[in-house]
Amino acid sequence: GIQADEHLPRLVGALSQGNVWKANPPVQAAAGASCSMVLTKAGHVYYSGKHRSVGEAAMRPTLLAELAHNGHIAEHVAGGNQTVVVSTKNAVTVAWGMGPHGELGLEDKKSSAKPAFVPKLDKCRVMGLACGYGTTYYIVKKEDKDDEAAIKQLPVVSDATFIELETFVETVSASKKK
């Protein structure tokens, strides 16, 4: 069909019809600036849209085979400006897309066309996840010694970092007023 803006909610037929959805119904949805994800009861993620400035968009919800066919059971999904993040039941987090501000957490890589492991979150059990423009926030479990050990590997953002950022923002704002 023809692509056009839509100004009212509608039922997505691909998510409401067929035998696949009867056995494995959607339980959560998330949207980024230009993509959407659906998480199913069995922990599969279906993706549609675009997470890069080049290439074609996936116009229909498509199974993320990289996760589903490798035994990963997704628990949380989120999308940002051009980023997608998924955390799994076995304490693995993957991210992909364009992350010019480091929001993917892939250390020395700012972008990835395909799902890539977020090394610093290895073994962290994520209980909440949110992406925004240039940010990704995780809420991780701290229920036992394994959780505490996983959290210890995470870098700590100090108050000094926020003060430096506030000073930078104030400096930039003051220079724009001149």
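For the structure itself, consult the block above.
Cut-offs used in this document
Residues numbered from 1 in each chain as written. Predicted model: local features only at pLDDT ≥ 70, side-chain atom pairs only at ≥ 80, totals over all residues. Heavy atoms only, no water. Salt bridge = Lys/Arg side-chain N within 4 Å of Asp/Glu carboxyl O. Helix = DSSP H or I, 4+ residues; strand = E, 2+ residues; numbered from the N terminus. Buried < 20%, exposed > 50% of the residue type's maximum accessible area, 1.4 Å probe, protein only. Core = buried A, V, L, I, M, F, W, Y, C linked by side-chain atoms within 4.5 Å. Contact = heavy atoms within 4.5 Å. Pairing = 2+ DSSP bridges.

When you look at the pattern of salt bridges in this model, what are you seeing that I'm missing?
When the charged atoms of two side chains lie near each other, side chains of opposite charge can form a pair. Inspection of the entire model under this criterion finds two salt bridges. Residues Glu143 and Arg125 are paired through a salt bridge, measuring 3.3 Å at the closest nitrogen-oxygen approach. Of the two residues, Glu143 sits in the loop between strand S10 (135-140) and helix H4 (145-152) while Arg125 sits in the loop between strand S8 (111-117) and strand S9 (126-132), which places them 18 residues apart along the sequence. By relative accessible area, Glu143 is classed as exposed at 58%. In this structure, Asp147 engages Arg125 in a salt bridge whose closest nitrogen and oxygen atoms are separated by 2.6 Å. Taken together, the residues Asp147 in helix H4 and Arg125 in the loop between S8 and S9 connect sequence positions 22 residues apart. The exposure class of Asp147 is buried, given its relative accessible area of 2%. Salt bridges sharing partners connect three or more residues here, namely Arg125, Glu143 and Asp147.

It is not clear to me how the side chain of Thr93 should be interpreted in this structure. Could you clarify?
Here Thr93 shows up in strand S7 (residues 93-98). Thr93 sits in the buried class, given a relative accessible area of 1%.

What's the story with the nonpolar core in this structure? I'm lost.
In a soluble, globular protein the nonpolar side chains are often hidden away together inside. Core analysis: the biggest nonpolar cluster contains 15 residues, and Met37, Val45, Val77 and Val86 have the highest contact counts within it. Residue assignment for this core shows that the elements contributing at least two residues are strand S2 (35-40), strand S3 (45-49), strand S5 (74-79), strand S6 (83-88) and S7. Element by element, the count of residues in this core is highest for S2, at three residues. Discounting residues that sit within four places of it in the chain, Val77 has contacts with Gln28, Ala30, Met37, Leu39, Val45, Val85, Val86 and Leu129. Listed in part, the 13 residues of the second largest apolar core include Leu106, Leu121, Val126 and Cys131.

Got a minute to help me understand the pairing of S5 in this structure?
In summary, the side chains of a regular strand alternate between the two faces of the sheet. Within S5, five of the six residues are buried, which leaves the element mostly enclosed by the surrounding structure. By the bridge criterion, five bridges tie S5 to S6 in an arrangement that is antiparallel. Bridging across to S6, His76 finds its partner in Ser87. Between S5 and S6, which pair antiparallel and follow one another directly, the connecting turn spans three residues.

On their own, these measurements won't tell you what the molecule is for.
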